[in-house]
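Summary of structural features
Chain residues, written in single-letter form:
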Amino acid sequence: MSLMSALWTSYSGLQVSQLATDIVSNNIANADNPTYTRQKVDISSRFSLHTNPGDIGTGAKVDQVIRVHDEFVYSRYRDAATNLEFYNYMTQTLKEVSQYFPDIDEAGLQRDLSNYFNAWQKLSANPTESSQKAIVAEAAKSLGLSLQQVRANLSAMQKLEDQLIVSVVNEVNKLAKEIAGINKKIREVEVSDYAHANQLRDERDNLELQIQKLTGAQIIKTGIQTMTKTDSNVADYDENYSIVLGGFSIVNDSSFHPIVASAAKNAAGAQNAVYFQQRDLSLIDISSDITGGKLGAILDLRGRSFNGESGEAADGVLQKYKDALDVFSSGLIQAVNQIYASSAVSTMASDKIGDTASLSAREAKTIPIADLGKGILQSEVLAGDMTIVAYNRDGSRVQSDIVVHIDPKQMSLQQVADAINAELNARSLDGEARIAGGQLTLLTGTTANATPLGALLIANDQSLIRGALDMTGSKNLEIVDASDIPFNVTDGSFMIGIYDGNGVQIAAREIIIDKKSTNPLYSTLNGIAAQINMPYVDDNKDNDMTNDADNFIVAGFDGNRLHIDIKDQNSELSFNIVDNGTGFAGAIGLNRFFSGSSAKDIDLNEALKNDPSKIQSYDLPVVGNNNVANAMQQLQYQQTTFFNADGSIDRETIMGRYKFIAVSLAEDAATAITSLDTAIAIENSVGSQFDSISKVNVDEELANLIRFQAGYSANARVISSIQIMLDALLGIKL
């Protein structure tokens, strides 16, 4: 050993202290940098010289500069931050939605509902006052407009969420691509066990946090090293790396696989779904598997699946409120229209029901039914029997049904009619099958056959021709109100009353509805019309067949509308419909007050909007009668039927139903706020633990600075002493 070796030993101490001071200085400089992880030097002894007296050290060295980073704690922090991002976005959106449903009487829908019912109450006090009718019209328009506007606002929010999906996906791809590039650089830097790309890992951690907060993706790292010898808080420096989203790796070490926001086209527009793009550019929908972070909240709010026909979301928080508004509006429309149908008029016509296929004369006469093709037929027609029920004029069934075999490959629609007519003629029944408007129509009283009939109705159709040609009037009401009208008809009955000019009832007929009945007289729209027209029903029980309902009114289902008319339009006669729980008139739109079928299109009937003086406050044309106006304002206190989308039925008041929607939203918002508070607390707790490990403590760093400064000074003094010794040695004269 020599003084020179001692000099180099002290010099190594200077170098270690200087490097350690540099690290402390860098830590202090980045004390306020939220993405910086404090660093620490790993100091060890240099090699020793093995001598006879014993090992003699040769100084100190810095093995590595490490990040004080615990990946396991950081992963918990990322998860907590992701959960916080989800509930923060969800809460913000629900707070915005709640503004559309204020819980005060002076604002919003609740005010419009109150104004609407109050307007009817005032009209009931002055049932012929035109100015009061104008007020009712304005209140109805305002209510309809408010419902439309709230629903439109919710739809606009859905659209914005849909557009935001594209922005989030683009940002995720940008972050993921950067991470893949950083991974490549890390691998290049960390070629040895002690080389650590600390700054690159800090950059990657920050990007990981952002991508997980956006999507809730899994960050998977294997081969993580712990360094308890240096610092028990270190668990870092992985060997393998991947980011998994929806079950697919969007980052695999230095490889990047993009995700795609693509719009799936449907009948009403396009909504973006999130796809994983494979190497062959094919796409796999992963929307349903993204449940965390901001993107998960967006998908939960907007909806993840869609109705291909309507374009509306089939799920989602915003759609839930739209559906609730639609159910509310539908129940309101049907209940109001049912009451308004009790107002006596001379003619009523329903909304258009169904979309009947129409054949040209050539198609009906010459082309076999099976060859008409999908452009005309709604479904396949089979070979099978059609059963037609004939009714006597008193509504009783003729003893034997008419059965006609239909062979769609051989028979045209005209030949089906001919086969029915042949059976009618063979039995001397006064009825006829005709092709009218490209449809099969069954008429009575058109021939001179011996047995007059009250009605001819299709009871059973094994050939399925009714559905194939969408013969709405002949289809079972259970099918019609499930597919062709937006409202629901329930079993029961309603009364049609006929009144003279003084409001005196001169006839009334009960119409029965039984949707599941095998008797088409009670279960089809054609049957409803037949019940009204049946000529030998003694409504007045006076054995006089000239003063019953059928003598004054006539009904029919044609042009896809059910119409009821006073036969003599020049008379002062009128009629009304009084329901006994079927909801029939309101469901099909007879004598509408409100048009539309949901919050999307609810509005005052166009005729009443153009001329509010036509609004009728009476059920009978008698001076001072205000029964309709009274019933309308009482509706707010009565139980109304609401048919939910899942098939369930609720009975509650109009105002109660609205408050249920508002309270449901308030509860959802309160739940989200509670979840947000919990997420904030957890994020703060885990964040504090992570900060205590990885963030810079200035006081601790200053203490380290003093320690390394003292070490540097001590080593410098050793070198100074050695210099003196060397000078003394060199000054010796031999």
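Located above this text is the structure these notes cover.
Described below are features of the structure shown in this document. (Residues numbered from 1 in each chain as written. Predicted model: local features only at pLDDT ≥ 70, side-chain atom pairs only at ≥ 80, totals over all residues. Heavy atoms only, no water.)

A look at the overall build of the protein chain
- Check the secondary structure of the protein chain and you find 19 helices and 29 strands.
- Relative to its length of 734 residues, the protein chain is extended, with a C-alpha radius of gyration of 42 Å against a globular reference of 27 Å.
- In terms of principal-axis extent, the alpha carbons of the protein chain reach across some 160 × 65 × 35 Å.
- Of all 734 residues assigned to the protein chain, the portion counted as buried reaches 48%.
- Contacts in the protein chain between residues at least 24 apart in sequence constitute 65% of all its contacts with a sequence separation of at least 6.
- Surface exposure of the protein chain reaches about 33,500 Å², of which carbon and sulfur atoms provide 50%.
- If the 59 positive side-chain charges of the protein chain are averaged to one point and the 91 negative ones to another, these points end up 7 Å apart. (Helix = DSSP H or I, 4+ residues; strand = E, 2+ residues; numbered from the N terminus. Rg over C-alpha atoms; globule rule 2.2 N^0.38 Å. Buried < 20%, exposed > 50% of the residue type's maximum accessible area, 1.4 Å probe, protein only. Contact = heavy atoms within 4.5 Å. Areas by Shrake-Rupley, 256 points an atom, 1.4 Å probe, with all protein chains shown as cover. Lys, Arg positive; Asp, Glu negative; His and termini not counted. Charge placed at Lys NZ, Arg CZ, Asp CG, Glu CD.)

Topic: the packing of aromatic side chains
- Within this structure, the stated rule accounts for 16 aromatic pairs.
- Both rings, one in tyrosine 74 and one in phenylalanine 690, keep their centres 4.9 Å apart while their planes meet at 35°; by these two values the pair is tilted. Here tyrosine 74 is found in helix α2 (residues 71-98), whereas its partner phenylalanine 690 is found in helix α18 (residues 654-694), with 616 residues between them in sequence.
- For tyrosine 74, a relative accessible area of 4% translates into the label buried.
- Among the residues examined, phenylalanine 690 registers a relative accessible area of 6% and is labelled buried.
- The cationic tip of arginine 707 hangs over the ring face of phenylalanine 708; the distance from NZ or CZ to the ring centre is 4.4 Å. (Phe/Tyr/Trp six-rings, centres within 6.5 Å; stacked < 30°, edge-to-face > 60°. Lys NZ or Arg CZ within 6 Å of the ring centre and 35° of its normal.)

Some remarks on the nonpolar core
- The biggest cluster of nonpolar side chains holds 122 residues, and the ones touching the most others in it are Tyr116 and Phe593.
- Sorting elements by how many residues they give to this core places helix α4 (residues 130-189) first, with 19 residues.
- Beyond its immediate stretch of four places on either side in the chain, phenylalanine 593 contacts Tyr116, Trp120, Val136, Ala140, Val336, Asn337, Tyr340, Asp603, Leu604, Asn605, Leu608 and Ile615.
- Counting residues in hydrophobic clusters, the runner-up holds 33 residues, among them Ile388, Val416, Ile458 and Leu469. (Core = buried A, V, L, I, M, F, W, Y, C linked by side-chain atoms within 4.5 Å.)

Some remarks on the sheet that holds strand β17 (residues 429-436)
- Strand order in the open sheet made by the three strands is β18-β17-β19, with mixed pairing throughout. At either end of the open sheet lies a strand with only one pairing partner, and these are β18 (439-444) and β19 (451-452).
- As paired elements, β17 and β19 share two bridges and run parallel to each other. Paired with aspartate 430 across the strands is proline 452, a residue of β19.
- Of the strands in this sheet, β17 and β18 touch helix α9 (residues 413-426), which is tilted by about 175° from β17. (Pairing = 2+ DSSP bridges. Axes fitted to C-alpha atoms, helices over the stretch in contact; angles between N-to-C directions.)

As for the environment of valine 398
- For valine 398, the location among the structural elements is in the loop between β15 (384-391) and β16 (402-406).
- The exposure class assigned to valine 398 is buried, which follows from its relative accessible area of 17%.
- Distance in space between the C-alpha atoms of valine 398 and threonine 451 is 10.0 Å, their sequence separation being 53 residues.

Looking at the environment of tyrosine 74
- Placed 615 residues apart in sequence, tyrosine 74 and glutamine 689 show a C-alpha to C-alpha distance of 9.2 Å.
- Excluding its chain neighbours within four sequence positions, the residues that come into contact with tyrosine 74 are His69, Asp205, Asn206, Glu208, Leu209 and Phe690.

Considering the sheet that holds strand β20 (residues 455-461)
- Pairing in this open sheet of three strands is antiparallel, and the strands run β16-β15-β20 from one edge to the other. Each edge of the open sheet is held by one strand with a lone partner, namely β16 and β20. Mean inter-strand twist for the sheet, computed between neighbouring axes without regard to direction, equals 25°.
- Lying over the sheet, α9 contacts β15, β16 and β20, oriented at roughly 150° with respect to β16.

Side note on unusual backbone geometry
- Residue lysine 541 is not a glycine yet carries a positive backbone phi of 55°.
- When you line up the elements, lysine 541 lands in the loop between α13 (525-533) and α14 (549-552).
- The exposure class assigned to lysine 541 is exposed, which follows from its relative accessible area of 70%.
- Its identity as a non-glycine residue notwithstanding, asparagine 591 has a phi of 55°, on the positive side.
- Structurally, asparagine 591 is set in the loop between α15 (584-588) and β26 (594-595).
- You can call asparagine 591 buried: its relative accessible area is 15%.

Side note on the packing of α4 against helix α5 (residues 198-215)
- For the pair α4 and α5, interaxial distance at closest approach is 9 Å and the crossing angle is 155°. On the basis of the axis angle, α4 is roughly antiparallel to α5. Note on packing geometry: the crossing formed by α4 with α5 is left-handed.
- When grouped by side-chain class, the residues that make up the contact of α4 with α5 number twelve nonpolar, three polar and eight charged. (Parallel < 35°, antiparallel > 145°, perpendicular 65-115°, else oblique. Left-handed = near helix turned anticlockwise from the far one by under 90°. Nonpolar A, V, L, I, M, F, W, Y, C, P; charged D, E, K, R; others polar.)

Describing the side chain of aspartate 112
- Position of aspartate 112 among the secondary structure elements: in helix α3 (residues 108-125).
- Its relative accessible area of 6% is what places aspartate 112 among the buried residues.
- A distance of 2.4 Å separates polar atoms of two side chains, one belonging to aspartate 112 and the other to serine 146.
- Leave out the neighbours within four places in its chain, and aspartate 112 touches Ser142, Leu143 and Ser146. (Polar contact = N/O pair within 3.5 Å; in protein donor to acceptor, adjacent residues only side chain to side chain.)

Details of the side chain of lysine 695
- By secondary structure assignment, the location of lysine 695 is in the loop between α18 and α19 (698-730).
- No salt bridge is formed by the buried lysine 695, whose closest oppositely charged neighbour, aspartate 691, lies at an N-O distance of 5.1 Å.
- Here proline 34 takes part through its backbone oxygen, which lies 2.7 Å from a polar atom of the side chain of lysine 695. (Salt bridge = Lys/Arg side-chain N within 4 Å of Asp/Glu carboxyl O.)

Some remarks on α2
- Taking 1.5 Å as the rise per residue, α2 with 28 residues should run 40 Å; its terminal C-alpha atoms sit 40 Å apart, in good agreement.
- Between the side-chain oxygen of the N-cap and the backbone nitrogen of phenylalanine 72 there are 3.0 Å, and the N-cap of α2 in question is aspartate 70. (Expected span 1.5 Å × (residues − 1).)

That's the geometry; what it means functionally is another story.
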